[in-house]
Amino acid sequence: MSANIPGPLADAPRLSDWIEVSDEIGVTFFTGRVELGQGNAAALVAMAADELGVAPGDIALQTARTDRTPNEGYTAGSMSISVGGLALRWAASALRVLILKAAASDLSIPAEELDTEGGAIVQNGTPTGLSVLDHAARVDLSADIRESAAPRTAATRRTGSGDMPRPDLRARMTGAPFVHDMTAPDMLFGAPIHPPGRNATLLSLDLDALKARPGVVEVLRNGSWAGVVAETPLAAAKAVDWARANGVWETPASEIGDPLDVISSSLEESETVLETGDINRNVGRWFETTITRPYLHHGSIGPSAAVAVWQDDKATVWTHSQGVFQLRKAIAMTLRMPEQAFTVIHRPGAGCYGHNGADDAALDAVLLARAVAGRPVKVVWSRQDEFRVSPMGPGMSTKVRALLGPDGTLTAFDVAVNSAPHANRPGMGTSPNLRAAAYLADPIAPARASDLPLARGGAADRNAVPGYAVGAVRVQKRLVHDLPYRSSSLRSLGAYNNVLAIETLMDDIAHEIGETPLGFRLRHIDDTRSRAVLERLDQETRAARAEPLPEGAGWGLGFARYKNSAGYCAVMARVEVDGEVRVTDAVSVADVGEVISADGTVAQIEGGIIQSISWTLKEAASFDGDAVAAGSWLDYPILTFSEVPRLKTILIDRPDQPPLGAGEISQGPAAAAVSNAVRAALGVRVRRLPITRSAVIAAASA
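The following refers to the structure shown.

Conventions and cut-offs
- Residues numbered from 1 in each chain as written.
- Predicted model: local features only at pLDDT ≥ 70, side-chain atom pairs only at ≥ 80, totals over all residues.
- Heavy atoms only, no water.
- Pairing = 2+ DSSP bridges.
- Helix = DSSP H or I, 4+ residues; strand = E, 2+ residues; numbered from the N terminus.
- Axes fitted to C-alpha atoms, helices over the stretch in contact; angles between N-to-C directions.
- Polar contact = N/O pair within 3.5 Å; in protein donor to acceptor, adjacent residues only side chain to side chain.
- Contact = heavy atoms within 4.5 Å.
- Buried < 20%, exposed > 50% of the residue type's maximum accessible area, 1.4 Å probe, protein only.
- Expected span 1.5 Å × (residues − 1).

1. A word on the sheet that holds strand E19 (residues 410-419)
Item 1. Spatially, E12-E20-E19-E18-E13 is the arrangement adopted by the five strands of the open sheet, whose pairing is mixed. The open sheet has two edge strands, strand E12 (271-276) and strand E13 (285-293), and neither has a second partner. Strand-to-strand, the axes of this sheet are offset by a mean angle of 10 degrees, without reference to chain direction.
Item 2. Sheet analysis places E13 next to strand E18 (residues 396-404), joined by nine bridges and oriented antiparallel.

2. Section: the side chain of Thr-584
Item 1. Tracing the chain through its elements places Thr-584 in strand E23 (residues 580-591).
Item 2. Among the polar contacts made by the side chain of Thr-584, one reaches the side chain of Asp-585 at a distance of 2.7 Å.
Item 3. Excluding residues within four positions of it along the chain, Thr-584 makes contact with Arg-574, Glu-576, Pro-645 and Arg-646.

3. A few points about the pairing of E23
Item 1. By the criterion of burial, E23 is predominantly enclosed, with 10 of the 12 residues buried.
Item 2. If you look at the hairpin formed by strand E22 (residues 568-578) and E23, you'll find one residue sitting between the two strands, and Gly-579 has a positive phi there, around 85 degrees.
Item 3. Looking at chain direction, E23 and strand E26 (residues 646-651) are connected through six bridges and run parallel. Note on E26: the bridge partner recorded for Asp-585 is Arg-646.

4. Regarding the environment of Leu-367
Item 1. Within the secondary structure layout, Leu-367 lies in helix H11 (residues 358-371).
Item 2. Given the relative accessible area of 2%, Leu-367 is considered buried.
Item 3. Put simply, Leu-367 and His-422 are 55 residues apart on the chain and 27 Å apart in space, counted from C-alpha to C-alpha.
Item 4. Apart from the residues lying within four places of it in its own chain, the contact partners of Leu-367 are Leu-220, Trp-225, Leu-335, Ala-436 and Leu-440.

5. Remarks on H11
Every α-helix winds through 3.6 residues per turn, so residues three or four apart in the chain are directed the same way.
Item 1. For H11, with 14 residues, the first-to-last C-alpha span of 21 Å sits near the 20 Å given by 1.5 Å per residue.
Item 2. Counting buried positions over the 14 residues of H11 gives 12, a clear majority of the element.
Item 3. By the burial criterion, the buried members of H11 are Ala-358, Asp-359, Asp-360, Ala-361, Ala-362, Leu-363, Asp-364, Ala-365, Val-366, Leu-367, Leu-368 and Ala-369.

Shown next as structure tokens:
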């Protein structure tokens, strides 16, 4: 198989895996990817429509559901377009080729003279009177895509990189498309009663008294997990409040200490994931830094939710999970039933940034729906549930050492990453990795987390390999399992902290030896696309950076190629520090290869910058023993709308190159730009995030 054939076609090679033709709808494309608010559905439709030669409105797209679409794994890692989109492009291409063969037979002319354009079949640009959609019904959809596909070249594609309409936006802003909004006849409302801490055990709960609460239809206890089903959401919420106040849980005493200190000083076994050259044989001067980030909440504005209905020992679940097939596997594993007993259908939610509580809410809904078989049950977590139960982004500590040779050139990097686990998604390994599964009377505890290999982008060690040309590099990682806090995948995984550590050290060295941060980086880059991104950013910000700065203001630079193999992104940020740090401007330049939707790409990059600023300046989970302490937004501040900086994003479009994805590429560069801007403004390096007023004072006093 050719190396450029999209990976999903290996498991789903037939046209019928991706396409359905009907008189009612016409051509429907199926994708295992889901729309999380990032606009990828519109881009996927555009890619398929362009390849087929029809208008986007002439085809339909069905996103992930286990009873129909291909299993493309999780919608994660900036791969919706770079992998999922290319698979649809190939499927549409194969369909077009077979349509043209059929039309050529009808017209008794060579297929090479035919093409599709605007929904019509044309001969050397002249309409033949034949329709693409009419001929689609004649194609044998059992055909192998890989044997027929001939994707258009960049020169013959008709979609450019301009703005692309988002047909879902009106409904999202004015309608009710979310799983939270679902209604159905006889719908009931469920709510879980979560244990107060990860290691808590439910000793007693008066179920009769709980069921007697107003509006309660059914109550359920299974081991240390419990829940209620009620006639209204308010009745369910009040019943849960009563249960929390009157239930008796046992929580083992624990002396944990500062989680970041535990992570940083852990002696768990480490692994060398990359070693090129001998870093110990070089001469020169070593520079060193250690950057720590706290545990981070997802901070989605909408809480996790799901709807389930149980009928005849089967269940259908509507969820905003990132991976419906993996969730189905996890639910089946939890209940020790065959996967075929469950149909899991994606429904838009509030979006997520990795593994949040969406999958857990789905299992809650299934458990509660089974108690009231035949009636749909909607579960919407409370904000307290969302903070205290959802997986968090793990705490991390990244130590970077760089060796500067006598000639002022870097000759070695030594990177050591300590991190709580990033890879605890549902269905991974031998455990469901669902919250309720660990508390049932017949529990399945979370498996000891491993990590994604560097060859697949890595997790804790993602972007721990510096993107600079040096003689020797060693990267080690240590997964820290000692802490009782639930962690899993959060946007960019380890790349955020690793890029921040590497890029701030690059700035520190440049300042030490009297070079500009940009010049020092360019001197150590031999990749032309990396250079182009940085040089364009320099050009775009040169005039602004030349303006006089008030006291306490500064500019900073951050750069990385995501996963060292995906999109390139460089960010220049301007900060002002007057008590608190405020980012006033953020300019970014990105190279994501072929740009399918400029508007969608810019939105993803700028959304990542805003979230990264929030992480860098504000966010930190807090704990009470083995329990998460935050229960409301008052306990966990995030960047507010009034604090969003002026944003400008420039795309370097390369239509002749494969699309590389954009959703996570700006996380690390934005953090580094902000940290480096603070150093430029104050001469202070804050190495323990977030960069709050107290952190700046502590760093200045150190």
